[in-house]
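Below, each chain spelled out in residue letters.
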Amino acid sequence: MANLKEIRNRISSVQSTMQITSAMKMVSAAKLKKAQDAITAMRPYAEKLTELLQNLSATLEGDTGGAFAEQREVNKVLLVAITSNRGLCGAFNANVIKGIKNRTNFYQGKQVDVLAIGKKGGDVLSKTNTIIGENNAIFDDLTFDNVAEIAQDLMDKFVAGDYDKIEIIYNHFKNAATQIVITEQFLPLAPITGGEAIASDYIFEPSKEEIVSTLIPKSLKTQLYKAIRDSFASEHGARMTAMHKATDNATELRDQLKLTYNKARQASITGEILEIVGGAEALNG
């Protein structure tokens, strides 16, 4: 059995760890509230924008997506991996990395490159995949304008023929304890089928075609912004949950160590008493 000093040192170490994990949990909880409010407020807008685009496109004849809807033979694929810049968030980053590897295997035999948004994903994937760029600073100032620049670069690459298909892999925020890895097709635009025409009698100014051509880039930028916002909220939810579990585990370990310490201390005291009694009996004898 370890001596009392070693056990005391371990108890002190575990208590220090508990303080750190508990503080990180509270910080993540505060950040989660803000991130959750942002993605919750944004989803209806993004969904309505997509719905409006589909309804408008359904009333038009022919190809309404232009260059963004061009369906090509898939030989060059770009995967956008959205992870975090920091760890200590459970399997949050590992699940996205696993998703990237699964898609890489799916496109085996084709050129598959990765655009990393988040330091953790870039560090790991750079060992197995070709990284064409990293955007780690985006989380320092997460605004629509900053994300729109990334989305525009992706659109330019697709139109230029650098890639035949672009997909986004990220964690979808369901709740603080649950994040679901999602793979979304970014480009080309998925064919719109079965869309119902807008029933209301709208007057379009300018023409429907011009409105749709304007909405498509905006919709794509919004799609990427929503994915990054979703991932950002998921990160804080995952970290809060991970730190909560870590704090619980540290508390359990501390209690076990205290029990071990008390048993060792009791055994030590009992041994000292026996020695004193034995010594007294020897003197009396």
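Residues numbered from 1 in each chain as written. Predicted model: local features only at pLDDT ≥ 70, side-chain atom pairs only at ≥ 80, totals over all residues. Heavy atoms only, no water.

Enquirer: How should helix α4 (residues 144-159) be read in this particular structure?
Expert: Working note: α-helix, 3.6 residues per turn, so residues spaced by three or four point in the same direction. Here α4 contains 16 residues, and its C-alpha end-to-end distance of 22 Å stays within 8% of the 22 Å for a straight helix at 1.5 Å per residue. Where α4 is concerned, the buried positions are Val147, Ala148, Ile150, Ala151, Leu154, Met155, Lys157 and Phe158. Where the residues of α4 are buried, they touch β1 (76-82), β2 (111-117), β3 (130-134), β4 (165-175), β5 (178-187) and α5 (208-284). A positive phi of about 90 degrees marks glycine 161, the residue just after α4. (Helix = DSSP H or I, 4+ residues; strand = E, 2+ residues; numbered from the N terminus. Expected span 1.5 Å × (residues − 1). Buried < 20%, exposed > 50% of the residue type's maximum accessible area, 1.4 Å probe, protein only. Contact = heavy atoms within 4.5 Å.)

Enquirer: Mind showing me how you'd approach the packing of α4 against α5 here?
Expert: Packed helices, taken two at a time, are described by their axes: the angle between them and the distance between them. With their axes 9 Å apart at the nearest point, α4 and α5 run at an angle of 120 degrees to one another. For the element pair α4 / α5, the angle class is oblique. The handedness of the crossing between α4 and α5 comes out as right-handed. When α4 is examined against α5, the residues Phe144, Val147, Ala148, Ile150, Ala151, Gln152, Leu154 and Met155 are found in contact with a partner set consisting of Pro217, Leu220, Lys221, Thr222, Leu224, Tyr225 and Ile228. Taken together, the residues of the contact of α4 with α5 break down into 12 nonpolar, two polar and one charged. (Axes fitted to C-alpha atoms, helices over the stretch in contact; angles between N-to-C directions. Parallel < 35°, antiparallel > 145°, perpendicular 65-115°, else oblique. Left-handed = near helix turned anticlockwise from the far one by under 90°. Nonpolar A, V, L, I, M, F, W, Y, C, P; charged D, E, K, R; others polar.)

Enquirer: Would you mind going over the pairing of β1 with me for this structure?
Expert: Every other side chain in a regular strand lies on the same face of the sheet, so the side chains alternate between the two faces. Burial analysis of β1 places six of its seven residues in the buried class, the great majority of the element. Here β1 pairs with β2 via seven bridges, running parallel. When the sheet's bridge partners are listed, alanine 81 is paired in β2 with alanine 116. Running through helix α2 (residues 92-106), the crossover from β1 to the neighbouring parallel element β2 is right-handed. (Pairing = 2+ DSSP bridges. Right-handed = clockwise from strand over helix to strand, strands pointing away.)

Enquirer: Help me out: how do you make sense of the packing of aromatic side chains in this one?
Expert: Given two aromatic rings, their pairing is described by the distance between the two centres and the angle made by the two planes. One pass over the structure, following the stated rule, counts three aromatic pairs. Where phenylalanine 106 meets tyrosine 107, the ring centres are 5.0 Å apart and the plane angle is 85 degrees; that geometry is what we call edge-to-face. Considering the side-chain rings of phenylalanine 139 and phenylalanine 232, the 5.9 Å spacing of their centres and the 15 degrees angle between planes classify their relative orientation as stacked. Placement of phenylalanine 139 in the loop between β3 and α4 and of phenylalanine 232 in helix α5 is noted, with a sequence separation of 93 residues between them. (Phe/Tyr/Trp six-rings, centres within 6.5 Å; stacked < 30°, edge-to-face > 60°.)

Enquirer: It is not clear to me how unusual backbone geometry should be interpreted in this structure. Could you clarify?
Expert: Trans is the common state for peptide bonds, and a negative phi is the common state for residues other than glycine. A cis amide bond links leucine 187 to the next residue, proline 188, at an omega of 0 degrees. Position of proline 188 relative to the elements: it lies in the loop between β5 and α5. Of note, leucine 88 is a non-glycine position whose phi angle comes to about 55 degrees, a positive value. Turning to its location among the elements, leucine 88 is positioned in the loop between β1 and α2.

Enquirer: Hey, could you run me through the sheet that holds β5 in this one?
Expert: What holds strands together in a sheet is hydrogen bonding between their backbones, with the strands either parallel or antiparallel. If you trace the five strands from one edge of the open sheet to the other, you get β3-β2-β1-β4-β5, paired in mixed fashion. Among the strands making up the open sheet, the edge pair consists of β3 and β5. Taken pair by pair, the neighbouring strands of this sheet meet at an average axis angle of 25 degrees, ignoring direction. Lying on the sheet, α2 is in contact with β1, β2, β4 and β5; it crosses β4 at an angle near 150 degrees. Across the face of the sheet, α4 comes into contact with β1, β2, β3, β4 and β5 while running at roughly 45 degrees to β5.

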